[in-house]
Amino acid sequence: MYLNCHSYYSLRYGAITPENLLKIGQYYGISAMALTDINNTSACLDFVRLSVNYNIKPVIGVDFRNAAQQQFVVLARNNNGFKNINDYLSHHLCHDLPFSNRTQKMSDTFVIYPFKNEIEIEALRENEFIGVAIKDLNRFRFSKYINHLDKVVILQTVSFTNKKDFNTHRLLRAIDNNILLSKLPLEQQGTIHDIVKSTDDIIKAFEEFPEIITNTQRLLDACNIDFDFSQQKPNNKKAYTGNTDLDFKLLKKLAYEGVTYRYAEVNDVLLDRIAKELKIIKEKGFVSYFLINWKILKYARSKGYFYVGRGSGANSVIAYLLRITDVDPIELDLYFERFINLYRTNPPDFDIDFSWTDRDDITRFIFNRFEHTALITVYNTFKYKASIRELGKVFGLPKHEIDVLAAGSFNFDTLDELSKLVITYSKRIQGFPNYLGIHAGGILISEKPIHYYTATFMPPKGYVTTQFDMVVAEDIGLYKFDILSQRGLGKIKDAVEIVKYNNPDDVPIDIHDIKRFKEDDNIKYLLKNAKAIGCFYVESPAMRMLLKKLQVDNYLGLVAASSVIRPGVAKSGMMREYILRYRYPEHRRDAHPVLLNIMPETYGVMVYQEDVIKVAHYFAGLNLGEADMLRRGMSGKFRSREEFLKVKDTFFENCKKSNKGLDLTKEIWRQIESFAGYAFAKGHSASYAVESYQSLFLKAYYPLEYMVATINNYGGFYQTEYYVHEARMHGGIIEAPCVNNSGVNTIIKGKSIYIGFKFLHAFEDKIGRKIIKERQANGAFFDLDDFIDRVSIGIEQLIIIIKINAFRFTGKNKRELLWEAHMKESKSVTNDHEITLFKPNRKAFVIPELPQNPLEDAFDEIELLGFSLCSPFHLLREPLTDPMRAFDLINNIGRVITIQGYLVTVKRTKTSNGKMMYFGTFLDVSGDFIDTVHFPPVALKYPFRGKGIYSLTGKVIEEFDCITVEVSKMERLLIIEDPRYSNTPLAS
């Protein structure tokens, strides 16, 4: 009797989870139920997958509506019918078309028009019906349909379980319409009649129309959907060449061709590994998956794009030979079974990183080259604080009251009734899907049309996107290709080009000569001393401190550090243990012999994802399938918590059978549980380390060029200001933008670095491009008059480049130039100047002497760039006298000191009892780093107060040669009054 059920994937409308719908059905003894979300199929496959657990026959379809107004419901008779529904829905969603009150003919479907729409009975096709709800019965008895009962079915909508669900629905509708709840129109919401009713109640209401009951049941009986959720075979594109046999021949050919490219010497270990991998790849049906990745990257190389292949697939020698990755699994002894084993049903992960400037072209290539392609959606859910803000607006609360609620600064018992409702319903809708977004890089390439599985929509990115997420895709055997972007590769690519033009006589850089980089003493120095600002992930404060503690100076050490830094290893308490065993070999005997035997390279400490599998397999006796299930369960990628807990039970049972003590088993399990979800696969870490070595090489030999590339790619972990600072620390002469030297991007000439026009706040890119074009065509500008004559620019834009001192070559101060500009230039943006034979005569104005304080430049720079080009310490109201510096700290270990630092970044975290504490990073007056710890009592008493220079008092602590200040008192120091607006000018 249930032909029209909504889950909360009827976005901003429904209030029931798909599984709760099935629980309701089981409670009422329902044998068949149709999920028909509004203009959405996100939950359909999950509904089908879960239905077997509740002994309910699943029927799926779509409730087609314009806003809240129902046009018709379409049910899929079979899989082909579901595809047809998805085709129809996707066409309307992708072209933003409204639904008419009649649908086109769709084979293998049933169409149900609501009674209120008054469709002519004669116009109904064979598969079309009129749907009547209980609330319609009184009118139905006197309608024209009463004599055509064979075309009538029950259409009793289920959207809510109770009154509270209905209230939630009304709030969601108000959010969707951006309207006060009190102003929500009736036509934009459902009705209280859509609360679920029992089968008995529905049948009793229709007892005088048994034919309608029979018709309804007949429709449900006629619908049969069948999807395979066993994951035994992938549903990705089956054959790259169109023939599976040819695919394997091609893969084999490419692999052996790659041997000569990758290896100088060939041995049996390599050949055996190749044969083993090829055999399993073929058996598991992953051949096309490898070939498609190979084709994508072949195209990337043809375009000169930099990329990094990582993920568990980096453990594969075939991936290495096909140049999907640059990590040699033989050299690194990468664990084959992490990459693939006969128990594993899903293909290995290949996360392919491209420069952020190149990724869009790669996506375009994939969509043009391969049929049945789509991006994957993500479900953007209601978050608690955001829900408070949305509901606060819906209830009409003032902004300041909403801010208090969102900050959590309240006692619930003392709130007024409206505020209590906001909090109550915010918690209720927390986790509800809000809207469909786009996965960071996931792309599906299917053998069957994408609409066989899901409808699609067209986000602003311009590529069709599924309505289900990656987890549902994997459930059905569709495995994504991860095409990701990062700025690190853009930095490397740009730096190589900058080195070429700034050092034309140098030998061209082979940035892929990783073997040479691994042995380079200068790179080893940077690593060991953690001087890696700008170098990919190794620049972060946490990584910088870890490198100092480990004193890593080799590739394998960096590979391990890349995974050790992940949150889980620290959480397990094993980060400190790893450092101890790495630095002091005598501590390696503390490891359990079995664990040391399993993981000798990491001294018996679980560091990589493979270690979870190894420990589960060798220590606890799980088979490889169970071990991988354990890893996936802890990474959050596993659907069934029950199966995961079953594996946990097997872990403990096996350890008991092999006479391993319960305390030891619990400790090993605790370590696995605490970090498995965060650790990297070793091949993944190794891939990241390769990129780090490329960055480190550039930093070691071309620091200024590399910093320019870093600035132009908008930095990394830090803000632009700190990369400018780093360039200065390496001898760079930092120049403000200049109309005669700067480009849109930051450029370098010798050691002089000119900040690019694009970094000026509110300065238009097109003006910057005009300046460069004119300068290249007709030479440098002589003065302000010459500039105004040659570049069409409005007064607002002109003021910006004058204030940043872009005309300093004229020898005039900015105040004089600003006066000139106001007298000579129009306030409106002018059209491009027409070419004339004679320069216009400009009137010469006599401008009085206008004195300027040099520190005004710093405040103009802060306004326009976000930071000053002079030292921030020069702006202190009370200059420092003989301040302590970071290099003094090592001589004051255990003492309480006071030191001043310019705030770089703050990391907030929670203690085990939920209190906030912080880790601070500062620059001292010489530009060196100070690292601080702020425990909860101090953090509460002396909070951070934004950007600026702080006086820090605290105890100097040393651990593994890493120096930190345990802060006991902190105060932000005052800076001078802005001299541009001050009534008391400072001395020049």
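Look up: the structure comes first, before these words.
Since the structure is predicted, the reported quantities are computational estimates derived from the model, not experimental observations.

S.K.: Explain the overall build of the protein chain here, please?
M.R.: The helix and strand inventory of the protein chain stands at 38 helices and 21 strands. Principal-axis analysis of the C-alpha atoms places the extent of the protein chain at approximately 100 × 80 × 65 Å. Counting the 988 residues in the protein chain, one finds 57% classified as buried. Here the contacts in the protein chain between residues at least 6 apart in sequence split such that 70% fall between residues at least 24 apart. Surface summary for the protein chain: the accessible area is close to 43,600 Å², and the carbon and sulfur share equals 51%. Across the protein chain, the mean location of the 127 positive side-chain charges is 2 Å away from that of the 120 negative side-chain charges.

S.K.: Looking at this model, I keep getting lost on the sheet that holds strand 21 (residues 962-972). Mind explaining?
M.R.: For sheets, the rule is that strands pair by backbone hydrogen bonds, running either parallel or antiparallel. One closed barrel accounts for five strands, arranged 17-18-19-21-20; its pairing is mixed. Here the strands of the sheet are splayed against their neighbours by 50° on average, with no regard to which way each runs. Of the strands in this sheet, strand 17 (896-910), strand 18 (916-923), strand 19 (929-934), strand 20 (949-959) and strand 21 touch helix 21 (residues 541-550), which is tilted by about 140° from strand 21.

S.K.: Please clarify how the sheet that holds strand 14 (residues 733-735) should be interpreted in this entry.
M.R.: The mixed open sheet is built from three strands, whose spatial order is 14-16-15. Because the sheet does not close on itself, it has two edges, and the strands there are strand 14 and strand 15 (747-749). Strand-to-strand twist across the sheet, computed as the mean angle between neighbouring axes with direction ignored, equals 25°. Sheet strands touched by helix 31 (residues 703-712): strand 15 and strand 16 (752-754). Its angle to strand 15, the strand with the most contacts, is close to 160°.

S.K.: What is the right way to read the pattern of salt bridges from this model?
M.R.: When the charged atoms of two side chains with opposite charge come close together, those side chains can pair. Applying the stated criterion across every chain, the model contains 49 salt bridges. Where Glu 390 meets Lys 393, a salt bridge forms, and the shortest distance between an N and an O atom there is 4.0 Å. A residue pair is termed a helical-turn pair when its members lie 3 or 4 positions apart in one helix, as Glu 390 and Lys 393 do in helix 14 (residues 384-394) at three residues. In this structure Lys 393 comes out as partly exposed when scored by relative accessible area, which is 46%. Between Arg 583 and Asp 961 there is a salt bridge; the shortest N-O distance is 2.5 Å. Here Arg 583, found in helix 24 (residues 574-583), pairs with Asp 961, found in the loop between strand 20 and strand 21; they are 378 residues apart in sequence, far enough to count as distant. In the salt-bridge network here, residues are joined through shared partners; they are Lys 803, Lys 814, Asp 857, Asp 860, Glu 863, Asp 978 and Arg 980.

S.K.: Looking at this model, I keep getting lost on a nonpolar patch on the surface. Mind explaining?
M.R.: A contiguous nonpolar patch, built from Tyr 256, Val 266 and Leu 271 and spanning about 240 Å² of accessible area, is present on the exposed surface. Along the chain, Tyr 256 turns up in helix 8 (residues 244-262).

S.K.: Which parts of the structure should I look at to understand the state of the cysteines?
M.R.: Between two cysteines, a covalent bond joining their sulfur atoms is known as a disulfide. Taken as a whole, this structure holds zero disulfides when the rule is applied. No disulfide involves Cys 738; its sulfur sits 19 Å from the nearest other cysteine sulfur, which is in Cys 870. For Cys 738, a relative accessible area of 5% puts it in the buried group.

S.K.: Before we go on, may I ask you to explain the nonpolar core in this structure?
M.R.: Nonpolar side chains tend to gather and get buried jointly when the protein is soluble and globular. Counting 107 residues, the largest nonpolar core has Leu 558, Ile 771, Phe 787, Leu 798 and Ile 801 as its most contacted members. Sorting elements by how many residues they give to this core places helix 30 (residues 682-701) first, with eight residues. Contact partners of Phe 787, with chain neighbours within four places excluded, come to Val 739, Ile 771, Phe 781, Ile 793, Leu 798, Ile 801 and Phe 807. Core analysis: the next-biggest nonpolar cluster, separate from the first, contains 92 residues, Met 1, Leu 22, Ile 376 and Ile 450 among them.

Conventions and cut-offs
- Residues numbered from 1 in each chain as written.
- Predicted model: local features only at pLDDT ≥ 70, side-chain atom pairs only at ≥ 80, totals over all residues.
- Heavy atoms only, no water.
- Helix = DSSP H or I, 4+ residues; strand = E, 2+ residues; numbered from the N terminus.
- Buried < 20%, exposed > 50% of the residue type's maximum accessible area, 1.4 Å probe, protein only.
- Contact = heavy atoms within 4.5 Å.
- Areas by Shrake-Rupley, 256 points an atom, 1.4 Å probe, with all protein chains shown as cover.
- Lys, Arg positive; Asp, Glu negative; His and termini not counted.
- Charge placed at Lys NZ, Arg CZ, Asp CG, Glu CD.
- Pairing = 2+ DSSP bridges.
- Axes fitted to C-alpha atoms, helices over the stretch in contact; angles between N-to-C directions.
- Salt bridge = Lys/Arg side-chain N within 4 Å of Asp/Glu carboxyl O.
- Patch = residues over 30% accessible without salt bridge, like charges linked within 9 Å, V, L, I, M, F, W, Y side chains within 5 Å.
- Disulfide = S-S within 2.5 Å.
- Core = buried A, V, L, I, M, F, W, Y, C linked by side-chain atoms within 4.5 Å.

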